[in-house]
There are 2 protein chains.
Amino acid sequence: MITNMKHIKNKLEAKGVKPTYQRLCVLKYLEKNMNHPTAEMIYENIAKKIPTMSKTTIYNTLNLFLENGLIHAVTITGTEVRYDINTFSHHHFLCRKCGKIVDIEVKCPFCDGEITQINGSKIEEIHGYFKGICKKCREKNNKVER
Amino acid sequence: MITNMKHIKNKLEAKGVKPTYQRLCVLKYLEKNMNHPTAEMIYENIAKKIPTMSKTTIYNTLNLFLENGLIHAVTITGTEVRYDINTFSHHHFLCRKCGKIVDIEVKCPFCDGEITQINGSKIEEIHGYFKGICKKCREKNNKVER
DNA sequence: TTCATGTTTGTAATCATTACAGATTTAATA
DNA sequence: TATTAAATCTGTAATGATTACAAACATGAA
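Residues numbered from 1 in each chain as written. Chains lettered and ligands numbered in written order. Predicted model: local features only at pLDDT ≥ 70, side-chain atom pairs only at ≥ 80, totals over all residues.

Quick question: what am I supposed to make of the protein's contact with DNA strand C here?
Close contacts around DNA strand C come from 23 residues, with A:Val81, B:Thr20, B:Ser54, B:Thr56 and B:Thr57 the closest. Put simply, the parts of the chain that give the surface near DNA strand C at least two residues each are α3 (39-49) and α4 (55-67) of chain A together with α2 (21-32) and α4 (55-67) of chain B. For the surface near DNA strand C, the class distribution of residues is 4 nonpolar, 14 polar and 5 charged. (Near = placed C-beta within 6 Å. Helix = DSSP H or I, 4+ residues; strand = E, 2+ residues; numbered from the N terminus. Nonpolar A, V, L, I, M, F, W, Y, C, P; charged D, E, K, R; others polar.)

Given below as structure tokens:
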């Protein structure tokens, strides 16, 4: 993934979003960190370099990106929203041991865009995720967790 | 669905949960109200009849039920948890107009229990939901929302 | 009855997110 | 270039959901 500033600036302008310095920083962070970070994680990291960065700006920016389809929201835990630069429909896996959320490729007729409505209801967003124990954590526990 | 107290008491005891009056009330409410209520909604309703009911008890009870597999948590909005008495794997639809969450029946290989792991990760929970505009809201808007 | 244990309750604390208003920046225009 | 309106950013306070905690209460066994 190319993460230079020019590319990021273009991405914002293509969606009609004015490319301010703060917005460039947030989008750049999301492109570099595809581990579905929280607003807090994004803020903590950017605030290191830009001490004047406000957390409100982080939220404003993320909500702006959401409205313009630049990012997607991942709501798995129920207590916090995680943000995803990957706007193609895909599934997620949340490990209850390490807490990591990883992308998952599964065959899904909805993600393929073949189905646009169900029982007369119009589908605009598709969300699918699994909870369990990831491969690494299973191996770490010497196959105890099965 | 039978929602008499004897049936509810049996359900709790079958899971090894002591059937206290508060727990019976919460489970009874969930059996009667299958519209994926929030903790707040459950509290508001029960508090009408039992003024001494504490919101902490609602949360304690719901978490206890979750641990014992009596109910499932539905996390769609990202800001609040909704609770579901239907513990069979199924999908949900959230309407962005009326805010209602309804059950959805879709063909899904994961819900059938055919697939128990993905890339070496063990699947324990399957969650699938859609966001969009429900049939009723589309009709209400005279087919404007397509 | 006594005692230990489990349950409930009310209040305070926590955490994520939003509201709001003032300060700052930007962009257009004279 | 100076002016000015609009957009953006910032910090603080407020909100709303959830949890922590400790005291009060209920239960069941000895």
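Honestly, the protein's contact with DNA strand D in this entry has me stumped. Any pointers?
Around DNA strand D lies a shell of 22 residues, among which A:Thr20, A:Ser54, A:Thr56, A:Thr57 and B:Val81 are the nearest. The set of elements that each furnish at least two residues to the surface near DNA strand D consists of α2 (21-32) and α4 of chain A together with α3 (39-49) and α4 of chain B. Among the elements that take part in the surface near DNA strand D, α4(B) stands out by supplying 4 residues, more than any other.

I would appreciate a short explanation of the nonpolar core in the present structure.
Soluble globular proteins: nonpolar side chains tend toward being buried together. Residues A:Val26, A:Leu27, A:Leu30, A:Ile58, A:Leu62, A:Ile71 and A:Tyr83 are the most contacted members of the largest nonpolar core, which totals 15 residues. Where this core is concerned, the elements lending two or more residues are α2, α3 and α4 of chain A. The element best represented in this core is α2(A), accounting for 4 residues. Counting residues in hydrophobic clusters, the runner-up holds 14 residues, among them B:Ile8, B:Ile42, B:Leu70 and B:Val81. (Core = buried A, V, L, I, M, F, W, Y, C linked by C-beta atoms within 7 Å. Buried ≥ 20, exposed ≤ 12 C-beta atoms within 10 Å, placed from the backbone.)

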